[in-house]
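Each chain is listed here by its residues.
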Amino acid sequence: KSTIFNLLTRIFDCNKGQICIDGVNIKKLTEESLRKNISIIRQEPFIFNRTIMENFRLIDENVTLEKVREYCKKAYIDDYIMSLPKKYDTLIGEGGVNLSGGQKQRLAIARTLLKEAKVILFDEATSALDNESQEYIKESIKDLSKDHTIIMVAHRLSTIIDADIIYVIKNGKVYAKGKHDELMQKCDYYKKLYTTESKIA
């Protein structure tokens, strides 16, 4: 998964074939322009030891509270923030220690919206979350997919069942691809993974 994301962001280039976005080979784009339009939300997003508002102003020092709240509402985190005594002036703590895993992820999604990236990469973004937090993230992703290209790497298959296309990777190669229902019918390996996960849940 790390290799896929490194190729997409041109940390290094592929030796064979090509990666295209909207039909354009990414090698024809400058690294700066490419990365400006791509955001990565990781399993442990980096949160600065500042207030919630200051975390947004590190990206855009002129952003207004109204705009930040707009993004936070889309990420389903505004209600929680507004319930805090100091609201958006709340100090988060080093690494977001005062937030739960789900809250950190939703804050990271809201920050990504501020960047206005066209492509958003989710790197195991829900693997460590409880079911309630995962549902919030799934709703956020569903809303984001209307205006963004979303690429997700996930072992937790319940996160990706609504994806337009799912690529099943086995032993470093694409083993199968399709929608969830198609894969459940034609790919025994995917079906086994999904059924095992459902039993554990």
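All residue numbers refer to position in the chain's written sequence, counted from 1. Where totals are concerned, whole chains, interfaces and linings use all residues; where local detail is concerned, this predicted model gives features only for residues with pLDDT of at least 70, and gives and counts side-chain atom pairs only at 80 or more. Excluding hydrogens and water, the side-chain figures rest on all heavy atoms present in the structure.

Turning our attention to the packing of aromatic side chains. Two aromatic rings, taken as a pair, are described by how far apart their centres are and by the angle between their planes. Pairing of aromatic rings covers Phe, Tyr and Trp, the last counted by its six-membered ring, and requires centre-to-centre distances within 6.5 Å; plane angles under 30 degrees mean stacked, over 60 mean edge-to-face, and any other angle means tilted. The tally for this structure, following the rule as stated, stands at 2 aromatic pairs. On the numbers, 4.9 Å between centres and 80 degrees between planes, the contact of phenylalanine 46 with phenylalanine 48 is edge-to-face. Phenylalanine 48 gets classed as partly exposed once you look at its relative accessible area, which sits at 36%. Centroid distance tyrosine 175 to tyrosine 189: 5.4 Å. Interplanar angle 70 degrees. Geometry classified as edge-to-face. Here tyrosine 175, found in strand S7 (residues 173-178), pairs with tyrosine 189, found in helix H9 (residues 188-200); they are 14 residues apart in sequence, far enough to count as distant. Remark: exposure states derive from per-residue accessible area (1.4 Å probe, protein chains only) relative to the maximum for the residue type, with buried under 20%, exposed over 50%, and partly exposed in between. According to the relative accessible area criterion, tyrosine 175 is partly exposed, its value standing at 45%. By definition, being over a ring means that NZ of Lys or CZ of Arg is both within 6 Å of the ring centre and within 35 degrees of the ring normal. Seen from the ring of tyrosine 175, lysine 170 lies directly overhead, with NZ or CZ sitting 4.8 Å from the centre. Numbered from the N terminus, helices here are DSSP runs of H or I no shorter than four residues, and strands are runs of E no shorter than two.

Attention now moves to the sheet that holds strand S3 (residues 38-42). Pairing between the strands of a sheet is mediated by backbone hydrogen bonds and can be parallel or antiparallel. Spatial strand order, S3-S4-S5: 3 strands in an open sheet with parallel pairing. With one partner strand each, in any of the chains shown, S3 and strand S5 (149-153) form the two edges of the open sheet. Neighbour to neighbour, the strand axes of the sheet diverge by 15 degrees on average, direction disregarded. Pairing of S3 with strand S4 (residues 119-123) involves 5 bridges; the strand directions are parallel. The partner of arginine 42 across the bridge, within S4, is aspartate 123. Whether two strands pair comes down to DSSP finding at least two bridges between them. Throughout, an axis means a line fitted to C-alpha atoms (over the contacting stretch in the case of helices), and angles, computed between N-to-C directions, take values from 0 to 180 degrees.

Interpretation in functional terms is not warranted from these geometric data alone.
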